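Commentary on secondary and tertiary structure
What follows is each chain in one-letter form.
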Amino acid sequence: MALHLNLNHEQESLRSARRRDPLKLSMFGLALIVGGFVAQYFWAMGKSSMQTRHLAQANAEFATLSPLAAAAVTEEGELKQKLANSDAFLKRIEGRFYWAPLLQELVTNVPPNVQISRFAGDGGGEGGKRLQFNLDGVAAGAEPRSVAEKFRQNLGDLLGKKYRNVVVTFRGDLVVGKETVTLDGKEVPTATFGINVQIQKGDATPAPTGH
Amino acid sequence: MKFSKEEKQKVVLGALLGIAVVYGYFEYGLGPLKASQKRSQAELTALEPKITEAKKQIASRDALKARIPQAETLLQQIDQLIPPGSPIAWFPTLVGQHFKSQGNDPVVTRMLSDVADPLVEGYRRFNWSVEIPKTDVFEFARTLAEFENSQPLVEAPSIIVEFQKDDPQYQRVSLNLTNSVKK
């Protein structure tokens with residue numbers, strides 16, 4: 001058997017040792033990792049710069065809008081005040097109660113056997129939902145109480161056609177006095193009465209009359 | 001596989017370098033970048049509602065502005081209804097002239113109160129007492145109707161009509177009137 005001598009074995013083992021040099025291998029690995037890191041860093045930096053651009057745009061937009069919004073707040077306050085004033089005036093003017101038509105209605109519809117001595121009306125204040133008036137008077141007839149009661153009922157019917165939720169009630173007693181009056185040539189007794197009328201303010205459809 | 005001493009040292013050195021690179025990258029590279037990203041994201045998140053709110057505020061003002069011409073016209077009309085000067089100088093004359101022209105004489109008008117209007121900013125409410133000692137209620141009702149129609153800023157919170165016993169064809173009227181005047 002022929003003897004085969006490898007005279008280069010030392011060179012080969014050195015080459016092999018260089019090939020598997022741990023430092024070199026770790027350097028390769030590290031370079032790979034660093035390459036990955038660099039790629040990730042640039043990607044993150046791109047994302048970050050995009051976000052910074054968005055932030056700058058938002059800041060610029062806010063810087064433009066902010067004074068406009070502050071001016072809008074001030075102006076809105078003034079505008080609201082104007083609108084509130086206008087609405088309040090409109091409501092007040094439209095919600096006024098007109099006494100004249102009521103007085104005209106009353107004076108033209110009092111029968112001859114009833115005499116009104118006092119009318120006192122109270123509008124119920126601004127924003128009040130109801131107003132009321134008191135009527136004091138004298139009813140004359142063979143049955144003065146019936147005359148007064150009929151007047152109360154007729155008053156309720158009359159006002160119920162024009163106003164909402166009309167409530168007509170006697171205040172206190174119907175007092176038949178000793179005083180008499182001449183009606184159609186006859187002496188008839190009289191009764192003094194007090195009537196309270198309550199009306200709901202507003203122009204809606206008249207509701208049924210209540211007594 | 002067996003490492004020589006020198007190789008072991010190189011492995012340790014390589015590992016140390018690796019750790020240093022990873023630490024350096026996260027601590028001084030990606031970390032600050034992420035922190036800056038987080039900061040700007042937080043700023044952006046905080047800014048967005050502010051921008052929305054500002055836009056909403058401007059839109060709300062614009063919506064109100066659309067309703068203003070009508071309100072301004074009404075307020076101008078109202079202001080034109082109010083004569084210049086102190087109401088104590090012109091209101092009794094206004095009432096007196098109106099009711100006296102219909103034969104109600106005398107007409108006594110007195111100021112009862114003067115307060116800031118609680119509902120309308122920039123205006124005052126004056127309360128007046130009007131006494132008409134002798135009138136015919138038919139005629140008075142007609143005159144009052146004309147007055148109520150011609151003076152939309154005047155209200156009558158209360159009214160008393162008393163029929164005179166000694167002269168039943170005449171009545172005594174006490175009227176409360178309220179009007180609005182610009183400050």
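Positions within a chain are numbered from 1, following the residues in the order the chain's sequence is written. Chain A is the first chain written and ligand 1 is the first ligand written, with later ones labelled in order. Local features are withheld for residues below a pLDDT of 70 in this predicted model, meaning they are given only at 70 or higher, and side-chain atom pairs are given and counted only at 80 or more; totals for whole chains, interfaces and linings count all residues.

So, about the packing of helix α2 (residues 22-94) of chain A against helix α1 (residues 5-81) of chain B. One can describe the packing of α2(A) onto α1(B) by two numbers: an axis separation of 3 Å at closest approach and a directional angle of 15 degrees. Taken together, the axes of α2(A) and α1(B) are roughly parallel relative to one another. For the pair α2(A) and α1(B), the crossing hand works out as left-handed. In this count, Pro and Cys sit with the nonpolar residues alongside Ala, Val, Leu, Ile, Met, Phe, Trp and Tyr, while Asp, Glu, Lys and Arg are called charged and the others, Gly among them, polar. Class assignment for the residues of the contact of α2(A) with α1(B) results in 40 nonpolar, 19 polar and 17 charged. Note on geometry: axes are C-alpha line fits, over the in-contact stretch for helices, and angles between N-to-C directions span 0 to 180 degrees. To qualify as a helix, a DSSP run of H or I must reach at least 4 residues; to qualify as a strand, a run of E must reach at least 2; elements of each kind are numbered from the N terminus. Each angle gets one of four labels, with under 35 degrees taken as roughly parallel, over 145 as roughly antiparallel, 65 to 115 as roughly perpendicular, and the rest as oblique. Two helices crossing with the near one rotated counterclockwise from the far one by less than a right angle form a left-handed crossing, whereas a clockwise rotation gives a right-handed crossing.

This part is about the packing of helix α3 (residues 99-109) of chain A against helix α3 (residues 137-150) of chain B. With their axes 8 Å apart at the nearest point, α3(A) and α3(B) run at an angle of 160 degrees to one another. Looking at the two axes, α3(A) sits roughly antiparallel to α3(B). Helix-helix and strand crossings are classified by hand; for α3(A) and α3(B) the assignment is left-handed. On α3(B), the residues that touch A:Trp99, A:Ala100, A:Pro101, A:Leu103, A:Gln104 and A:Val107 of α3(A) are B:Val137, B:Phe138, B:Ala141, B:Leu144, B:Ala145 and B:Glu148. Looking at the contact of α3(A) with α3(B) residue by residue, the class counts come to 10 nonpolar, one polar and one charged. In this description, a residue-residue contact is defined by the distance between C-beta atoms placed from the backbone, which must lie within 7 Å.

This next bit is on the interface of chain B and chain A. At the interface, 58 residues of chain B touch 59 residues of chain A. Residue contributions to the side of chain B that touches chain A peak at 38 residues, all from α1(B). Tallied by class, residues from the side of chain B that touches chain A come to 32 nonpolar, 11 polar and 15 charged. When DSSP locates at least two bridges between a pair of strands, those strands are taken to pair. Pairing analysis gives five bridges linking strand β1 (residues 114-122) of chain A to strand β3 (residues 154-163) of chain B, with the strands arranged antiparallel. Bridge pairing in β3(B) links A:Asp122 to B:Ser158.

Residues and elements named next belong to chain B. Here the expected length of a helix is defined as 1.5 Å per residue gap, with one fewer gap than residues. Taking 1.5 Å per residue as the helical rise, helix α2 (residues 87-100) with its 14 residues ought to reach 20 Å, and the 19 Å between its terminal C-alpha atoms agrees with that figure. Inspection of α2 places Phe91, Val95 and Phe99 among the buried residues, and these make up the whole buried set. The arc that holds the buried residues of α2, viewed along the axis, is 45 degrees, so those residues lie on one side. Facing away from the buried side of α2 by more than 90 degrees, the exposed set consists of Ala89, Thr93 and Gln97. The exposure scheme places C-beta atoms from the backbone and then counts, for each residue, the other C-beta atoms within 10 Å of its own, assigning buried at 20 or more, exposed at 12 or fewer, and partly exposed in between. Directions pointing from the helix axis toward each C-beta atom define the arc.

Here we take up the environment of A:Ala63. Residue and element names in this part refer to chain A. Considering the arrangement of structural elements, one finds Ala63 in helix α2. Under the C-beta neighbour-count criterion, Ala63 is labelled exposed, with 9 such atoms within 10 Å. Sequence separation of Ala63 and Pro101 is 38 residues, and the distance between their C-alpha atoms is 61 Å.

Take the environment of A:Arg171 next. Residue and element names in this part refer to chain A. Along the chain, Arg171 falls in the loop between β3 (164-170) and β4 (175-183). The class of Arg171 is exposed, set by 11 C-beta atoms lying within 10 Å. Counting along the chain gives 25 residues from Arg171 to Asn196, while the straight-line C-alpha distance between them is 6.1 Å. With near-sequence residues (within four places) excluded, Arg171 lies in contact with Asn134, Gly194, Ile195 and Asn196.

This part takes up the pairing of strand β2 (residues 123-135) of chain B. Residue and element names in this part refer to chain B. Where strand β1 (residues 108-116) lies against β2, eight bridges are found, and the strand directions are antiparallel. The residue of β2 that forms the bridge with Met111 is Trp128. The antiparallel pairing of β1 with β2 creates a hairpin that spans six residues between the two strands, and Gly122 there sits at a positive phi of about 90 degrees. Looking at chain direction, β2 and strand β4 (residues 171-182) are connected through 11 bridges and run antiparallel. When the sheet's bridge partners are listed, Val130 is paired in β4 with Leu175.

Looking now at the confidence of the model for chain A. In the predicted model, chain A carries a mean pLDDT of 86, and 93% of its residues have values of at least 70. How sure the predictor is of each residue is captured by pLDDT, a score from 0 to 100. A low-confidence stretch, residues 204-211 of chain A (pLDDT under 50), is modelled with 19 contacts involving residues beyond four sequence positions or located in other chains.

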